[in-house]
Every structure is written in C-alpha cells, then in structure tokens.
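Chain by chain, the residues:
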Amino acid sequence: MANITKRKKWSARVNETSNALDLDQGVFAKTDPHEIALSLKKSASHSHRRKGTPYQSAMSMLNFYINRGGKNLSESKKSTLEKAKEELRKLFHRSEGSDT
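Cut-off values and rules
- Residues numbered from 1 in each chain as written.
- Predicted model: local features only at pLDDT ≥ 70, side-chain atom pairs only at ≥ 80, totals over all residues.
- Heavy atoms only, no water.
- Helix = DSSP H or I, 4+ residues; strand = E, 2+ residues; numbered from the N terminus.
- Buried < 20%, exposed > 50% of the residue type's maximum accessible area, 1.4 Å probe, protein only.
- Contact = heavy atoms within 4.5 Å.
- Core = buried A, V, L, I, M, F, W, Y, C linked by side-chain atoms within 4.5 Å.
- Phe/Tyr/Trp six-rings, centres within 6.5 Å; stacked < 30°, edge-to-face > 60°.
- Lys NZ or Arg CZ within 6 Å of the ring centre and 35° of its normal.
- Salt bridge = Lys/Arg side-chain N within 4 Å of Asp/Glu carboxyl O.

Peer 1: Please explain the overall build of the chain as it appears in this structure.
Peer 2: If you tally the helices and strands in the chain, you get four helices and zero strands. Helices and strands in the chain line up, N terminus first, as α-α-α-α. A buried classification covers 34% of the 100 residues belonging to the chain. Across the chain, every contact between residues at least 6 apart in sequence was considered, and the portion connecting residues at least 24 apart equals 62%.

Peer 1: Could you clarify how one ought to interpret the side chain of Thr80 in this entry?
Peer 2: Following the sequence through the fold, Thr80 ends up in helix H4 (residues 75–91). A residue is classified by how much of its surface remains accessible, and Thr80, at 14% relative accessible area, is buried. Those residues within four positions of Thr80 in sequence are excluded, and the remaining contacts are Lys30, Thr31, Pro33 and Ile36.

Peer 1: Please clarify how the nonpolar core should be interpreted in this entry.
Peer 2: Here is a general trend for soluble globular proteins: nonpolar side chains tend to be buried in one another's company. Counting 20 residues, the largest nonpolar core has Phe28, Ile36, Leu40, Ala58, Leu62, Leu81 and Leu88 as the members making the most contacts within it. Listed by contribution, the elements that provide at least two residues to this core are helix H2 (33–46), helix H3 (54–69) and H4. Broken down by element, the residue count for this core peaks at seven residues, all from H3. Every residue in contact with Ala58, bar those within four places of it in the chain, is listed here: Leu21, Leu40, Ala44, Leu88 and Phe92.

Peer 1: Help me understand the packing of aromatic side chains, please; the structure alone is not making it clear to me.
Peer 2: Here the distance between the centres and the angle between the planes together describe a pair of aromatic rings. Following the criterion strictly, the structure yields two aromatic pairs and no others. Ring geometry for Tyr55 versus Phe92: centroids 5.3 Å apart, planes at 65°, classification edge-to-face. You can see Tyr55 sitting in helix H3 and its partner Phe92 sitting in the segment after H4, a full 37 residues away along the chain. The exposure class of Phe92 is buried, given its relative accessible area of 16%. Residue placement shows Lys41 over the ring face of Phe92; its charged tip is 5.2 Å from the ring centre.

Peer 1: Which parts of the structure should I look at to understand the pattern of salt bridges?
Peer 2: Pairs can form between side chains of opposite charge whenever their charged atoms are close. One pass over the structure, following the stated rule, counts five salt bridges. In this structure, Asp24 engages Lys42 in a salt bridge whose closest nitrogen and oxygen atoms are separated by 3.2 Å. Highlighted residues: Asp24 in the loop between helix H1 (2–16) and H2 and Lys42 in helix H2, separated in sequence by 18 residues. Overall, Lys42 belongs to the partly exposed group, its relative accessible area being 40%. Residue Lys90 is joined to Glu87 by a salt bridge in which the shortest nitrogen-to-oxygen separation is 3.7 Å. Remark: Glu87 and Lys90 occur in helix H4; sequence separation between them is three residues, near one turn of the helix. Residue Lys90 is classed as exposed on the basis of its relative accessible area, which comes to 54%.

In structure tokens form, the structure reads like this:
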C-alpha cells in the first residue's frame, strides 16, 4: 500500500512541479484539445529549463499525463488528450509519427 501511495505522489508531484515546464493550472482539465495544445506550447516555448526542443517538452508532458492517468482516464478524456497531440503537431508544424 505504501509503495502505491509513493508512486501516486511521485507522478502527481512531477505533473505539478515539473522542472522543465511551468504549466498553466488546470491545463489537463480543459475540454478543448486546441486550448490544451496552445497552453503546452506556450509553457514549453517560454521555459528556459527544458532539455529538449519546445515540441519535445510539450509532447513529453502530454504523454506523461496520458500514461499516468492510465485506466483512470475516461474514454472521452483520452480522446480529448489524443486530439491535443494532433493539435500540438499542427502548432509545431510536425507530421504524425514525428514526436521527437
């Protein structure tokens, strides 16, 4: 039980206090994929602490959130977040399959 609690706290802490990005509060609670993508792009573009490109940082944070949510994300939320990936690709002028 304690091990599960530690893992949950660890991933929540990463999401809230990422050293690479300063995320807008509630970014992943938004229902519009375009708004999520714009917020992630803004955060990644303004960050001076990220290790990769703004695109890599934004996509990594989105993937981290999707993976962290796992089975607890509703199908509609997963769909919204997957669409946010598509929006990020458009905002950064990337094609599908070029997530790095």
